[in-house]
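One letter stands for each residue in the lines below.
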Amino acid sequence: MKCKPILSKCCITVLLLVAFLFTMPLLASASENNVAKVGSKEYTTLKDAFDNALSGETVTLLKNIEDLTTDGIVTIPEGKAITLDMAGKTITVDSKSFKGRVFINKGTFLITGNGTIDTSLAGANGWGPVDNYGTLTIENGTYKAVKDTESVGIWNREGGTAYFKGGVYEGFPTVIRAALGANTTISGGTYLNDAFPAIENDGEMLITGGTFKNVSCSSCDSRWGYTIRNGVGGDEKSHLVFEESSQGAISVTGVQGAVANSGGLMEIKSGSYKTVGCSVHGTKTAHYALYVAGENCDSKAIVTGGTFESASKTAVMIGNDNTNGDGGINADATTEIKGGTFIAPKGQAAVTGAEKTGNPEITGGAFSSDPGEFVKENKIEIKQGNKYYVGATASKIIENLKEGDEIIIIAAEGDLSVPEGVKVKNETGNTIIVNGQEIENGMDQTIEHILVKVPAKEPTCTENGNKEYYICSVCGEWFASPDGRERIEDHDSVILKAKGHRYENGVCEICGKKEVKDESAETGDPIMIGLVIGIMGVSGVGIASLRRKSR
């Protein structure tokens, strides 16, 4: 007996269709709740996505993440490399249930996709985006917090390496702090804050580009600071270098001050550093474009380039003798200024050194006031217009002078040479020699070279020739042109080497001289024959002598 099917095929199809239609909203609801994916796999929480991602994979945000709690903080473990593609989305934290930083990186972590991480809703508990112990790279994006955290947005811890290539960072009391033993490179981005220094370094830091602005004012808030500070922790190993790359420019602006070295070594090779007035108190609370003081340990800066401009005080302050706590431990502060431009308001010194702890040494640069007391030996200092130039910078200015220009010589060791037609005034306190001419102190003179032409001479087969050049009969210098502007330092450069004979059929094609052949071997030159016999005789004697001894 055959069993009859309980349900027909048609009924089964209808039931499956009903089941599918019933589960569709559930599937859609699950998909809508997913916030991130790894490959094609989607996850409902950011933490799950990171925990399940394999090293080398990318976590991509699918939607904005809101109300992230402390439990949702993501840790990238050591040995794991993860990329976060923000995909233009935003991560915000819960206002009551979040404390800390969104990510703790112990592996290799790259943030890209131009999204936003905003911890400001958590107030004092929303510290920032990343705590880094591994290798961190931030390519772009926007990062926000509030200064009530009185903390650091991105901590680069001891042993950590961090690269900041771009992004906008705002609201943090301190955007980035690098610990002793950390390596940090900032090549771009915009860093804005209104409290403590935006960037603080105790480790090894290189800044090649970026815009840094701090509007904190000591008269507005006790939480003020220079925009960028080195040597916070008091270790002389702290090292910060400013050097613009071909793709980036450095701009540092602050009310309290632009850059400060409280200990360790700071090197400034290029960039713009300036102070501006407070929106409430004006320029009276603005301090120094560069401040170097041994507040935490011995402090040294080496400046070879850059522009330093202050709104109300000296552009550069070296040392701090205050003993009320403002000068810290009052350790020694040294600064070597080898180049750069230093501008202070009228009536203010471009460079100032504290009497006890400050030790500026100037060998180059351009200054809005006379820095003579800090200019060292083998010096040259000039004034043109309202600027003073020292060392190699002064020499370069002199080289580029043209007829009708005027300069004042403030200091000079050794004879000077300037282009013809330049008016020189001597304020050195001594008689100086310019282009071989003596100029007494307080006198001025328009300089002229007395140039004697040395005509061009073609080289021959056997003798050198020379290009046309000119020699000043007063100072003896050589010049390439009669206006005395192009000095010839290398005298060999005017020499045209002898051409040498070029024989064709026994006659030189250039000068017509007949070729002389060495015929001594063919003719039996008696001198050569005598020489050969003499050598053979001596050799024979030696050989005979050796033979007798060997017996």
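Residues numbered from 1 in each chain as written. Predicted model: local features only at pLDDT ≥ 70, side-chain atom pairs only at ≥ 80, totals over all residues. Heavy atoms only, no water.

1. Re the overall build of the protein chain
And step 1. Across its full length, the protein chain holds five helices and 51 strands.
And step 2. Within the protein chain, buried positions represent 43% of all 551 residues.
And step 3. Accessible surface, the protein chain as shown: approximately 27900 Å² in total, 50% of it carbon and sulfur. (Helix = DSSP H or I, 4+ residues; strand = E, 2+ residues; numbered from the N terminus. Buried < 20%, exposed > 50% of the residue type's maximum accessible area, 1.4 Å probe, protein only. Areas by Shrake-Rupley, 256 points an atom, 1.4 Å probe, with all protein chains shown as cover.)

2. Examining the nonpolar core
Across soluble globular proteins, you tend to see nonpolar side chains buried next to one another.
And step 1. In this structure, Phe50, Val59, Ile91, Phe103, Phe164 and Phe242 are the most contacted members of the largest nonpolar core, which totals 79 residues.
And step 2. Within the second largest apolar cluster, 17 residues are counted, among which are Ile382, Ile398, Val418 and Ile432. (Core = buried A, V, L, I, M, F, W, Y, C linked by side-chain atoms within 4.5 Å.)

3. Focus: the environment of Asn183
And step 1. By the secondary structure assignment, Asn183 is in strand β18 (residues 183-186).
And step 2. Asn183 sits 22 residues away from Met205 along the chain, and the two C-alpha atoms are 5.8 Å apart.
And step 3. Ignoring sequence-local partners within four residues, the contact set of Asn183 consists of Asn156, Gly160, Thr161, Ala162 and Glu204. (Contact = heavy atoms within 4.5 Å.)

4. A few points about the pairing of strand β39 (residues 387-390)
The side chains of a regular strand alternate between both faces of the sheet.
And step 1. The sheet contact formed by strand β37 (residues 364-367) and β39 spans three bridges and is antiparallel. Across the sheet, residue Phe367 finds its bridge partner in β39, namely Tyr388.
And step 2. By the bridge criterion, four bridges tie strand β38 (residues 380-384) to β39 in an arrangement that is antiparallel. Opposite Lys383, over in β39, you have Tyr388 as the bridge partner.
And step 3. Remark: two residues form the turn of the hairpin made by β38 and β39, two consecutive strands paired antiparallel; Gly385 in that turn has positive phi of roughly 65°. (Pairing = 2+ DSSP bridges.)

5. Describing the pattern of salt bridges
When their charged atoms lie close together, side chains carrying opposite charge are able to pair.
And step 1. Taken as a whole and assessed by the stated rule, the structure comprises 20 salt bridges.
And step 2. In this structure, the salt-bridge partner of Lys300 is Glu336, at a minimum N-O distance of 3.2 Å. On the criterion of sequence distance, the pair formed by Lys300 in strand β30 (residues 299-303) and Glu336 in strand β33 (residues 333-337) is long-range, its members being 36 residues apart.
And step 3. The partner of Lys453 in a salt bridge is Glu468, and the shortest N-O contact between them spans 3.3 Å. In this pair, Lys453 sits in strand β45 (residues 451-454) while Glu468 sits in the loop between β46 (465-466) and β47 (469-472), placing the two residues 15 residues apart along the sequence. (Salt bridge = Lys/Arg side-chain N within 4 Å of Asp/Glu carboxyl O.)

6. Focus: the confidence of the model for the protein chain
And step 1. On average, residues of the protein chain score 88 in pLDDT, and 88% of them are at 70 or above.
And step 2. Confidence drops under pLDDT 50 across residues 23-29; counting only partners more than four residues distant or on other chains, this segment forms zero contacts.
And step 3. A low-confidence stretch, residues 519-551 stays under pLDDT 50, and its non-local contacts, those more than four residues away or across chains, total three contacts. (pLDDT = per-residue confidence, 0-100.)

7. A closer look at the pairing of strand β9 (residues 108-112)
And step 1. Judged from the five bridges that link them, strand β6 (residues 81-85) and β9 form a sheet pairing that is parallel. Each residue of the ladder has a partner; that of Asp85, found in β9, is Thr112.
And step 2. Bridging between β9 and strand β12 (residues 135-138) involves four bridges; their strand directions are parallel. The residue of β12 that forms the bridge with Ile111 is Ile138.

8. Some words on the packing of aromatic side chains
And step 1. The final tally for this structure, using the stated rule, is 14 aromatic pairs.
And step 2. Taking 4.7 Å as the distance between ring centres and 0° as the angle between the ring planes, the aromatic pair formed by Tyr169 and Tyr191 counts as stacked. One end of the pair, Tyr169, is in strand β16 (residues 168-170); the other, Tyr191, is in strand β19 (residues 190-193), and 22 residues separate them in sequence.
And step 3. Take Tyr191: its relative accessible area is 0%, and that puts it in the buried class.
And step 4. On the numbers, 5.0 Å between centres and 10° between planes, the contact of Phe342 with Phe367 is stacked. Linking Phe342 in strand β34 (residues 341-343) with Phe367 in strand β37, this pair joins segments that are 25 residues apart in sequence. The same class applies to Phe342 and to Phe367, which are both buried.
And step 5. Among the aromatic residues, those joined into a ring-pair cluster are Tyr143, Phe164, Tyr169, Tyr191 and Phe212.
And step 6. The side chain of Lys41 reaches across the aromatic face of Tyr43, ending 5.9 Å from its centre.
And step 7. The side chain of Arg157 reaches across the aromatic face of Trp155, ending 4.4 Å from its centre. (Phe/Tyr/Trp six-rings, centres within 6.5 Å; stacked < 30°, edge-to-face > 60°. Lys NZ or Arg CZ within 6 Å of the ring centre and 35° of its normal.)

9. With respect to the side chain of Asn426
And step 1. By the element assignment, Asn426 lies in strand β41 (residues 423-426).
And step 2. At a separation of 2.5 Å, a polar atom in the side chain of Asn426 contacts the main-chain carbonyl oxygen of Asn430.
And step 3. Those residues in contact with Asn426 that lie beyond four places of it in its chain are Ile409, Thr431, Ile432, Ile439, Glu440, Asn441, Gly442 and Met443. (Polar contact = N/O pair within 3.5 Å; in protein donor to acceptor, adjacent residues only side chain to side chain.)

10. Focus on helix α3 (residues 391-399)
And step 1. Looking only at α3, the buried set comprises Gly391, Ala394 and Ile398. Down the axis, α3 shows its buried residues gathered within 55° of arc, on one side only.
And step 2. Looking at the packing, one finds that the buried side of α3 touches β37, β38, β39 and β40 (406-412). (Arc of directions from axis to C-beta.)

11. Here's the deal with the sheet that holds strand β32 (residues 316-318)
And step 1. One open sheet accounts for eleven strands, arranged β5-β8-β11-β14-β17-β20-β23-β26-β29-β32-β35; its pairing is parallel. Strand pairing shows two members of the sheet lacking a second neighbour, β5 (74-76) and β35 (351-353), which therefore form its edges. Going from strand to strand, the sheet's axes swing by 10° on average, the running direction of each strand aside. (Axes fitted to C-alpha atoms, helices over the stretch in contact; angles between N-to-C directions.)

12. Structural notes on the sheet that holds β45
And step 1. If you walk across this open sheet you meet the three strands as β45-β47-β48, and the pairing is antiparallel. Each having just a single partner strand, β45 and β48 (478-479) make up the two edges of the open sheet.
And step 2. Pairing of β45 with β47 involves four bridges; the strand directions are antiparallel. Paired with Val452 across the two strands is Ile471, which belongs to β47.

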